[in-house]
Amino acid sequence: MLVEKFLNHISNWGKFWFGLIFLGSIFNEILEQFTMLSGSSFLWILAFGSGAMIGLVAKIRGAWL
């Protein structure tokens, strides 16, 4: 029951999680390399937040198509 709910959640929100984890990690690494503020929590929030927003937009657009 719990595993089924978890797998259902992952299949419905997969694009969001992809954006948050994968794209957020890439954005975080790019910002760490090219800014003087490396190690700042602001950069971490900016990187993973923009990855999450891209994932959320992809999820919403996928639902409309």
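Residues numbered from 1 in each chain as written. Predicted model: local features only at pLDDT ≥ 70, side-chain atom pairs only at ≥ 80, totals over all residues. Heavy atoms only, no water.

Visitor: Tell me what's going on with the overall build of the protein, and back it up with residues and numbers.
Guide: For the protein, the helix and strand inventory stands at two helices and zero strands. Across its three principal axes, the protein shows a C-alpha extent of roughly 45 × 30 × 15 Å. For the protein, buried positions account for 17% of its 65 residues. Partitioning the intrachain contacts of the protein with sequence separation of at least 6 by distance along the chain shows that 57% fall at a separation of at least 24. Of the accessible surface of the protein, which amounts to about 5,200 Å², a share of 74% is contributed by carbon and sulfur atoms. (Helix = DSSP H or I, 4+ residues; strand = E, 2+ residues; numbered from the N terminus. Buried < 20%, exposed > 50% of the residue type's maximum accessible area, 1.4 Å probe, protein only. Contact = heavy atoms within 4.5 Å. Areas by Shrake-Rupley, 256 points an atom, 1.4 Å probe, with all protein chains shown as cover.)

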